[in-house]
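Fold and contact review
The primary structure of each chain is shown beneath.
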Amino acid sequence: QVQLVESGGGLVQAGGSLRLSCVASGDTNCISAMGWYRQAPGKERELVASITIGSSTTYTDSLEGRFTISSDDAKNTVYLQMNSLKTEDTAVYYCNADRERLCGPEYEWWGQGTQVTVSS
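Analysis parameters
Residues numbered from 1 in each chain as written. Predicted model: local features only at pLDDT ≥ 70, side-chain atom pairs only at ≥ 80, totals over all residues. Heavy atoms only, no water. Helix = DSSP H or I, 4+ residues; strand = E, 2+ residues; numbered from the N terminus. Rg over C-alpha atoms; globule rule 2.2 N^0.38 Å. Contact = heavy atoms within 4.5 Å. Polar contact = N/O pair within 3.5 Å; in protein donor to acceptor, adjacent residues only side chain to side chain. Phe/Tyr/Trp six-rings, centres within 6.5 Å; stacked < 30°, edge-to-face > 60°. Buried < 20%, exposed > 50% of the residue type's maximum accessible area, 1.4 Å probe, protein only. Lys NZ or Arg CZ within 6 Å of the ring centre and 35° of its normal. Pairing = 2+ DSSP bridges. Axes fitted to C-alpha atoms, helices over the stretch in contact; angles between N-to-C directions.

1. Comments concerning the overall build of the chain
Of regular secondary structure, the chain possesses zero helices and eleven strands. Along the chain, helices and strands appear, N-terminal first, in the series β-β-β-β-β-β-β-β-β-β-β. Relative to the globule expectation of 14 Å for 120 residues, the C-alpha radius of gyration of the chain, 14 Å, shows essentially globular dimensions. C-alpha atoms of the chain, sized along the principal axes, occupy 45 × 25 × 25 Å. Counted over contacts in the chain with a minimum sequence separation of 6, partners at least 24 positions apart contribute 55%.

Pasting the structure below:
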C-alpha cells in the first residue's frame, strides 16, 4: 500500500504562485510514476502533469508552460510549481501514483486533495 499526502494549497491572487507537495509513504518502491490531477466544480478530473521514476514528464497542453512538476526521490516527494496562476486554475488538486507492474496488477493510489483557489 502507498499513502499520499498533499500540502501547499491555498488562496492566491491571479498572477501569483503556489507550490504543491505530495509525500508518498508505504511501499514507495512499487511506484512507477506520480502525477497531479485537478477537478474544478462541475468538471471532470483532469491530468495536470506527471513524472516517471526515470524523471520523464508530461504536461497537459493547456498549461502553456506555467506549471512544473519535479521530484525528490530521497524524500519520496513530488512537487508542482504553479506560476502565473489564473482564476481557471481554481480546483482541488490531487496527487496520484501508479503501481509498478512488478508489484501487481494496474492500480492507482490517490491523495485526499488540496484546494487551490485563485482570485481575480
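Read on, since the account is not over.
2. Looking at the environment of Y59
Of note, Y59 is situated in strand β6 (residues 57-59). A sequence separation of 13 residues divides Y59 from D72, and the C-alpha atoms of the two residues are 18 Å apart. Leave out the neighbours within four places in its chain, and Y59 touches V48, A49, F67, T68 and I69. Separated by 2.9 Å, the side chain of Y59 and the backbone nitrogen of I69 make a polar contact.

3. Some words on the packing of aromatic side chains
All told, the structure shown has two aromatic pairs when counted by the stated rule. With a centroid separation of 5.0 Å and an interplanar angle of 65°, the aromatic rings of Y37 and W110 are classed as edge-to-face. Residue Y37 is found in strand β4 (residues 31-39), and its partner W110 is found in strand β10 (residues 108-110); the two are separated by 73 residues along the sequence. Judged by its relative accessible area of 19%, Y37 falls in the buried class. The lysine or arginine in question, R45, covers the ring of Y94, its NZ or CZ lying 3.8 Å from the ring centre. In this structure, R45 is placed above the aromatic ring of W110, and the distance from its NZ or CZ to the ring centre is 4.6 Å.

4. Considering the environment of S62
Mapped onto the elements of the fold, S62 is located in the loop between β6 and β7 (67-72). Here S62 falls in the partly exposed class, since its relative accessible area comes to 45%. Residues S62 and S7 lie 55 residues apart in sequence; the distance between their C-alpha atoms is 23 Å.

5. A word on the sheet that holds β7
The four strands are arranged β1-β3-β8-β7 in an open sheet whose pairing can be described as antiparallel. Each edge of the open sheet is held by one strand with a lone partner, namely β1 (2-7) and β7. Shown here is a sheet whose adjacent strand axes are inclined to one another by a mean of 15°, direction ignored. Pairing of strand β3 (residues 18-26) with strand β8 (residues 77-82) involves six bridges; the strand directions are antiparallel. Counterpart to L20 in the pairing with β8 is L80.

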